[in-house]
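If you want the building blocks of each chain, they are given just below.
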Amino acid sequence: QQQVKQSPQSLIVQKGGIPIINCAYENTAFDYFPWYQQFPGKGPALLIAIRPDVSEKKEGRFTISFNKSAKQFSLHIMDSQPGDSATYFCAARVSGYALNFGKGTSLLVTP
Amino acid sequence: DVKVTQSSRYLVKRTGEKVFLECVQDMDHENMFWYRQDPGLGLRLIYFSYDVKMKEKGDIPEGYSVSREKKERFSLILESASTNQTSMYLCASSLYRALDYGYTFGSGTRLTVV
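Residues numbered from 1 in each chain as written. Chains lettered and ligands numbered in written order. Predicted model: local features only at pLDDT ≥ 70, side-chain atom pairs only at ≥ 80, totals over all residues. Heavy atoms only, no water.

Draft legend 1. Fine view of unusual backbone geometry. Residue and element names in this part refer to chain A. For the bond from S7 to P8, the omega torsion is -5°, close enough to zero to count as cis. The residue P8 is located in the loop between β1 (4-7) and β2 (10-14) in this model. Backbone geometry at K71 places phi at a positive 55°, although glycine is not the residue there. Along the polypeptide, K71 turns up in the loop between β7 (62-67) and β8 (72-77). (Helix = DSSP H or I, 4+ residues; strand = E, 2+ residues; numbered from the N terminus.)

Have a look at this one:
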């Protein structure tokens, strides 16, 4: 049973667009919400993470928005570039336990 | 940089074989994890370990076992490989159990069982 539901499964945007990837969860004990980026042939790499006491976090062109009451969080990529084309995974964790991952979103940024 | 090294990039094994997937990390991380990645299913946790000789089942442990005899090494064992275990296997490590410390993943082992 997937504890973190991620959408969309795939996404195509033009260069400069703002792709948005959404995740939803049910377990209110989750206290850490990271996003991972994976390029073909590589393992996932930590991109950005947020805790539920914060509603937004920015790191460069990447922003997480977090809505605790709705139990949803999303990743926005500002001024997207072809080099951002990758698979993105959201995840969530109860403190002391392993990460639960979403199913992933394949992002293609066209020139 | 932390490195997580998986011993094989590609493996082809026959049905019924016992298969060992090896993972080594070089930064003294306490926690180690095995996930499998399948298209449309994301990453699913097989087993994890918080310390030497410790292991805990993840979401899909059936058909797998693990071994952690040394802190830096975490092995995944397929007792009798089956075709439905054809997948990408990812090993990861992290520093602390409760802190916000991201996982470092290896590049994966693509296993094909024929």
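Draft legend 2. Highlighting the state of the cysteines. According to the stated counting rule, one finds two disulfides over all chains in the structure shown. The partner cysteine of C23 of chain A in its disulfide is C90 of chain A, sulfur to sulfur 1.9 Å. Residues C23 of chain A and C90 of chain A share a disulfide whose torsion about the S-S bond is about -95°; that sign makes it left-handed. Here the residue C23 of chain A occupies a position in strand β3 (residues 20-25), and C90 of chain A occupies one in strand β9 (residues 86-94), the gap between them amounting to 67 residues. Judged by relative accessible area, C23 of chain A falls into the buried class, the value being 3%. Overall, the relative accessible area of 0% leaves C90 of chain A in the buried class. The partner cysteine of C23 of chain B in its disulfide is C91 of chain B, sulfur to sulfur 1.9 Å. Disulfide C23 of chain B-C91 of chain B: torsion about the S-S bond near -80°, hence left-handed. (Disulfide = S-S within 2.5 Å. Buried < 20%, exposed > 50% of the residue type's maximum accessible area, 1.4 Å probe, protein only.)

Draft legend 3. Region of interest: the pattern of salt bridges. Taken as a whole, this structure holds eleven salt bridges over all chains when the rule is applied. The partner of D31 of chain A in a salt bridge is R93 of chain A, with the nearest N and O atoms 3.8 Å apart. Taken as a pair, D31 of chain A in strand β4 (residues 30-38) and R93 of chain A in strand β9 lie far apart in primary sequence, 62 residues in all. Since its relative accessible area comes to 3%, R93 of chain A is described here as buried. Linking R36 of chain B and D38 of chain B is a salt bridge whose minimum nitrogen-to-oxygen distance equals 2.8 Å. With respect to burial, R36 of chain B and D38 of chain B carry one shared label: buried. (Salt bridge = Lys/Arg side-chain N within 4 Å of Asp/Glu carboxyl O.)

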